[in-house]
Structure formats: C-alpha cells, structure tokens
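Residue strings, one per chain:
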Amino acid sequence: MTDAEIISGLQQNGAERKKCEFALYQSYNYFIREGCKKYHLDDDESQIAYSDAVLSVIVNTTNNTFEGRSSLKTYLFQIYSNKCVDFVRKNTTNKSSVHNGTGISDMLWQLPDNAKHVVEKMMQKYQRSIIAEKLKEVGEKCREMLLFFEEGYSDKEIAEKLQYQTAAVAKTSRLRCLDKLREKVKGIISA
C-alpha cells in the first residue's frame, strides 16, 4: 500500500481502517530488529517502542497532526527512534538505584536453614497478597490478560480470547500490563 492509501484508510472507520493499521504495522516491523541492534534494547522493549510509535502515527494521522512533510516510513522511524531513546534513558538512569540498601534476600543467608525457610514462606505469602491487591489497580483488561498468562495461555490464545489482532499485539499489551504491575509493586516488593 502507498502512503496515501494508508493515510486515507486510517482516517476511515471499520474494516478499511483495521486493514490499514495492520499494513502500517507490518510494513516496517523490521525496525524492531534495528532497535535491538542500534539501541541495544531487548526484543520486548523494541517491540513496545515500535507498537507505541505505530499507535502515535495512527493517532497523528487521524487527527491531521501528520503534515506529510516526510514519508510515513521516515515519520514512523523518527517517533520509533525517540521511543527507543526513552527506553535507553530509563535503563541507564541510576536514580532508581540511589536508595537501594541491603535487601532482605541478601540477609536471609545469615539465618539458620529452618528459620530461612519460614521467613521465605512468609515473604512469598506477603508478595502474593500484594500482587493480588495491585492487580485490581492495573485495570480489568490488564488483570485478565496477566491472569491468562499466569495460567499458561500463549500470546496467541490470549489474542483470541481478548480479541486482539495478532499474538504480537497481545504480547506487547501483556508486557505493558506487566510493567504497570511492576510499577505498582515497586518499592513494596523487592525484585
């Protein structure tokens, strides 16, 4: 599809729009590999950055923010590059590690074996209760997706159950949900 066809399709509703969204996503998904190489991101981070960039292009196209001064590919790549840089900054910042002290797990080795086992069981029970509580805060769709994954469903099965277009989209959504949950339990449960 040409840029003009994709832009026109994105500005419509229904099946034509979905077809154009999918075409846009598929056309340049090789950026994901490039992001892994160029920015040293892992595959999941690169996929999230790419999906976010595609979503931005779709939004900017539908609300006429995209002015067409470049090709869709160039526009998408610029947004994608910025998203990758955001991941690099997030991964390299040391702000989060400033307040790290000695963790409980580091001190467990000092306990006798029988006491260590009891403390570990108590910690696991506490962590499960916190995670269950915080799962309620990430939203119903995220909670449902994470519970399906915990039960052993594949991304493809989750995509079918929750009506996502592809397993890749379900995986990206699941990883975002997992990040939300991690942020909610951060500082409460040591990783």
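Reference entry: report on the structure contained in this document. As the structure is a computational prediction, the values presented were derived from the model and not from experiment. (Residues numbered from 1 in each chain as written. Predicted model: local features only at pLDDT ≥ 70, side-chain atom pairs only at ≥ 80, totals over all residues. Heavy atoms only, no water.)

## Re the pattern of salt bridges
Phase 1: Per the stated rule, a full pass over the model turns up 11 salt bridges.
Phase 2: Here Lys19 and Glu16 are joined by a salt bridge, their closest N and O atoms 3.7 Å apart. Remark: Glu16 and Lys19 occur in helix 2 (residues 15-27); sequence separation between them is 3 residues, near one turn of the helix.
Phase 3: On the basis of relative accessible area, Glu16 is assigned to the partly exposed category, the value being 29%.
Phase 4: Of the charged contacts, one joins Arg69 and Glu67 as a salt bridge, the two residues approaching to 2.6 Å between their closest N and O atoms.
Phase 5: Taking relative accessible area as the criterion, Arg69 reaches 74% and is therefore assigned exposed. (Salt bridge = Lys/Arg side-chain N within 4 Å of Asp/Glu carboxyl O. Helix = DSSP H or I, 4+ residues; strand = E, 2+ residues; numbered from the N terminus. Buried < 20%, exposed > 50% of the residue type's maximum accessible area, 1.4 Å probe, protein only.)

## Some points on the state of the cysteines
Phase 1: Summed over the entire model, instances satisfying the criterion amount to 1 disulfide.
Phase 2: The disulfide bridge from Cys142 ends at Cys177, spanning 2.1 Å between sulfur atoms. Where Cys142 bonds to Cys177 through sulfur, the torsion about that S-S bond is close to -70°, and the disulfide is left-handed. Of the two residues, Cys142 is situated in helix 8 (residues 140-150) and Cys177 in helix 10 (residues 167-185); the sequence distance between them amounts to 35 residues. (Disulfide = S-S within 2.5 Å.)

Any functional reading would require information that these geometric values do not contain.
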